[in-house]
Amino acid sequence: MKKALITGITGQDGSYLAEFLLGKGYKVYGLTRRTSTVNNERIAHIQDRVTLVQGDLLDQSSLSSALMEAAPDEVYNLAAQSFVKTSWNQPVLTGEFTALGVTRMLEAIRVVNPKIKFYQASSSEMFGKVTETPQKETTRFHPRSPYGVAKVYGHYITVNYRESFGIFACSGILFNHESPRRGLEFVTRKISNAVARIYLGKQKKIELGDLRPKRDWGFAGDYVEAIWLMLQHEKADDYVIATGRNHSVEEFVKLAFNVAGISNWKDYVLANKPEHMRPAEVDFLIGDYSKAKKVLGWKPKTSFEQLVEMIVKKDIEMERGSK
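Throughout, residues of each chain are indexed from 1 in the direction in which the sequence is written. It should be noted that, the model being predicted, local features are given only for residues of pLDDT at least 70 and side-chain atom pairs only at 80 or more, the latter also being counted only at that level, while totals for whole chains, interfaces and linings use all residues. With hydrogens and water stripped out, all remaining heavy atoms of the structure feed into the side-chain values.

> What's the story with the pairing of strand β4 (residues 74-77) in this structure? I'm lost.
The side chains of a regular strand alternate between the sheet's two faces. Burial of the side chains of β4 extends over both faces: Glu74 and Tyr76 are buried on one face and Val75 and Asn77 on the other. Note on pairing: two strands pair once DSSP finds at least 2 bridges between them. The helix count covers DSSP runs of H or I at least four residues long, the strand count covers runs of E at least two residues long, and both are numbered beginning at the N terminus. Both strand β1 (residues 3-7) and β4 contribute to a ladder of four bridges, which runs parallel. Counted as the bridge partner of threonine 7 is asparagine 77 from β4. In the sheet, β4 pairs with strand β5 (residues 117-123) via four bridges, with the strands oriented parallel. Bridge pairing in β5 links tyrosine 76 to tyrosine 119. Classification of residues uses two cut-offs on accessible area relative to the type maximum, computed with a 1.4 Å probe and protein chains only: under 20% is buried, over 50% is exposed, and between them is partly exposed.

Structure, rendered in C-alpha cells:
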C-alpha cells in the first residue's frame, strides 16, 4: 500500500486530494499545526480514514519527525499562507510559510529519505503582470504580491532540489481552482455566499473590488487528479494546470446571480470599493495546459458554468440550513 503525506490537508485542495488518494487505496497522512481552534470541517467525512500527524512548516525538526512517523512514498506540499490580500498585511509570515516552508520540507526529505517523491503547489499568481498569453511553463514570472513572490521562491527551490540532489520533485502551476470548500475570504466564495444570502433575504448588498480582472477558473476536484498524475510519471517535471478559458469577475458575479434566478444583479453589487482593491492587480490570467494533456493525459472535466452553479447551489443549501 502506497503512503502519502499531505500538508494543508484541512484546506480545499488537501481535502479533495485526500479523498482522491483514499479512492486509489493509499494510506493517507495529514500534517496539521497545533492551533487554538481546530478546523477539520473539510475532512470531517473522511477523518476516521486519515492519520493526522503534528508538524509545522515553520519548524524544521517537526517536519523531519513527521516524515519518520509517516514514512511516506509521496509528499504533497499544499500548505501555505494562500490568501493574496493577507500577504500584503503579513508579507514576512507569507514568506516564511509559502517560500521557506518549501525549503524546510525539501531539506527534511533530503535528510530523512531522498527517495520520497515531492509535489509543490505553485501558482498562476507567479505570472502576475503577464508577459505572454496564454501562460505556459516557460512564461517569465512577474509576481505582483508578496504571495506571488513567495510562490516563485518555492517553485525555484523545488527545481533546485530536483537538479542538485536528484529528488523526484514536481511543481504544479495551478491556475485559480474553486469549489464549495473554498474559504469565504476568496472572491468566488464571497460572491456565491452573498448571492445565496441575498436570494434567501438574509443580506441586501455585496461589496467588491475591481470586476474587470480575468481569471482561468477550474474545479479543485479536477485539479487534484493532475497533481497525482505528476508524481506517477517516470520523470519529474513542472506543469501548468488550467482550463484554457478565462472569465472576468463580473462574469462570475452575473452567472452566480443567474443561478439563483436573479437577473438584475447590478442592483445588489457595490463595486470598486477601495478596501477590496489590491495594491497591484493581476489583470489577465489564462493557462495553456497542453503539456499536461500531452504528457499526463489530463484535461479539465468541469466547465466554468458547472463550477459556478455547483458553488452557488451548495451555498444556498448551507445558508438555508443555518440560523
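> Teacher, can you tell me more about the packing of helix α8 (residues 249-259) against helix α10 (residues 304-321) here?
If you want to describe how two helices pack, look at the angle between their axes and the distance between the axes. For the pair α8 and α10, the least separation of the axes is 9 Å and the interaxial angle reads 55°. With respect to α10, the axis of α8 lies oblique. For the pair α8 and α10, the crossing hand works out as right-handed. In this structure, α8 uses Phe252, Leu255, Ala256 and Val259 to contact α10, whose residues at the interface are Phe304, Glu305, Val308, Glu309, Val312 and Lys313. Taken together, the residues that form the contact of α8 with α10 break down as seven nonpolar, no polar and three charged. Fitting a line to C-alpha atoms yields each axis, with helices limited to the stretch in contact; the angle taken between N-to-C directions then spans 0 to 180 degrees. Any angle that is under 35 degrees is reported as roughly parallel, and any over 145 degrees as roughly antiparallel; angles of 65 to 115 degrees are reported as roughly perpendicular and all others as oblique. Take the far helix as the reference: if the near one is turned anticlockwise from it by less than a right angle, the crossing is left-handed, and if turned clockwise, right-handed. In this analysis, two residues are considered to be in contact whenever any of their non-hydrogen atoms come within 4.5 Å of each other. Just so you know the grouping, Ala, Val, Leu, Ile, Met, Phe, Trp, Tyr, Cys and Pro go in nonpolar, Asp, Glu, Lys and Arg go in charged, and all remaining residues, Gly too, go in polar.

> Explain the layout of surface pockets to me, please; I cannot follow it from the model alone.
Leftover empty space is mapped by rolling, across the atoms, a probe with the size of a water molecule. Within this scheme a cavity is a closed region of a 1 Å grid, computed over the protein atoms alone, that accommodates a 1.4 Å probe without allowing it to escape, whereas a pocket is open but has protein on both sides within 12 Å along at least five of seven lines; lining residues each have an atom within 4 Å of a point. Grid points are joined across faces, edges and corners, and a volume is the space filled by probe spheres set on the points. Roughly 340 Å³ of volume is contained in the second largest pocket. Lining the second largest pocket are 14 residues, with Glu41, Arg42, Pro180, Arg181 and Arg189 sitting closest to its centre. Tallied by class, residues from the lining of the second largest pocket come to four nonpolar, three polar and seven charged.

> Help me understand the sheet that holds β1 in this model?
Strands in a sheet are paired, the pairing made by backbone hydrogen bonds, and the direction either parallel or antiparallel. Taken together, seven strands build an open sheet; the order of strands is β3-β2-β1-β4-β5-β6-β11 and the sheet is parallel. Edge positions in the sheet fall to β3 (50-54) and β11 (238-241), since each has one partner strand and no second. The mean angle between the axes of side-by-side strands here comes to 20°, regardless of whether they run parallel or antiparallel. Sheet contacts for helix α4 (residues 91-112): β1, β4, β5 and β6 (169-174); angle to β5, the most-contacted strand, approximately 170°. Taken strand by strand, helix α7 (residues 220-232) contacts β4, β5, β6 and β11, and its axis lies near 140° from that of β4.

> Could you clarify how one ought to interpret α7 in this entry?
One turn of the α-helix equals 3.6 residues, which is why residues spaced by three or four share an orientation. One less than the number of residues in a helix, times 1.5 Å, gives the span that helix is expected to have. In this model, α7 (13 residues) spans 19 Å end to end at C-alpha, consistent with the 18 Å of a helix rising 1.5 Å per residue. In terms of burial, α7 is a largely internal element, ten of the 13 residues being buried. Where α7 is concerned, the buried positions are Ala220, Asp222, Tyr223, Val224, Ala226, Ile227, Trp228, Leu229, Met230 and Leu231.

> Which parts of the structure should I look at to understand the side chain of glutamine 135?
Of note, glutamine 135 is situated in the loop between β5 and α5 (146-165). A polar side-chain atom of glutamine 135 sits 3.0 Å from the main-chain carbonyl oxygen of glutamate 132. Contact partners of glutamine 135, with chain neighbours within four places excluded, come to Phe127, Val130, Phe175, Val240, Phe284, Leu285, Ile286, Gly287 and Asp288. Counting of polar contacts relies on pairs of N or O atoms within 3.5 Å, with two restrictions inside protein: one atom must be capable of donating a hydrogen and the other of accepting it, and residues adjacent in sequence are counted only when both atoms are side-chain atoms.

> What is the right way to read the environment of methionine 1 from this model?
Within the fold, methionine 1 resides in the segment before β1. Through-space distance from the C-alpha of methionine 1 to that of glycine 166 is 24 Å; in sequence the pair is 165 residues apart.

> Sorry, what's going on with the packing of aromatic side chains here?
To describe a pair of aromatic rings, one takes the distance between the centres and the angle between the planes. What counts as a ring pair is set by centres within 6.5 Å for rings of Phe, Tyr and Trp (its six-membered ring), and what kind of pair is set by the plane angle: stacked under 30 degrees, edge-to-face over 60, tilted for all other angles. Under the defined criterion, the tally for this structure stands at 13 aromatic pairs. Note on phenylalanine 257 and tyrosine 268: the rings are 5.8 Å apart at their centroids and 20° apart in plane angle, and the pair reads as stacked. One end of the pair, phenylalanine 257, is in helix α8; the other, tyrosine 268, is in the loop between α8 and β13 (269-270), and eleven residues separate them in sequence. Classification of phenylalanine 257 by relative accessible area gives buried; the value is 0%. Counting every residue linked through ring pairs, the aromatic cluster contains Phe127, Phe141, Tyr156 and Phe175.

> Would you take a moment to explain the pattern of salt bridges for this structure?
Pairs can form between side chains of opposite charge whenever their charged atoms are close. Put simply, a salt bridge is a Lys or Arg side-chain nitrogen that is within 4 Å of an Asp or Glu carboxyl oxygen. Throughout the structure, instances matching the rule amount to 17 salt bridges. Lysine 2 is paired through a salt bridge with glutamate 74; the nearest N and O atoms lie 3.3 Å apart. On the criterion of sequence distance, the pair formed by lysine 2 in the segment before β1 and glutamate 74 in strand β4 is long-range, its members being 72 residues apart. In this structure glutamate 74 comes out as buried when scored by relative accessible area, which is 1%. A salt bridge links glutamate 319 to arginine 197, with the nearest nitrogen and oxygen atoms 3.1 Å apart.

Without other data, these values stay purely geometric and don't point to any function.
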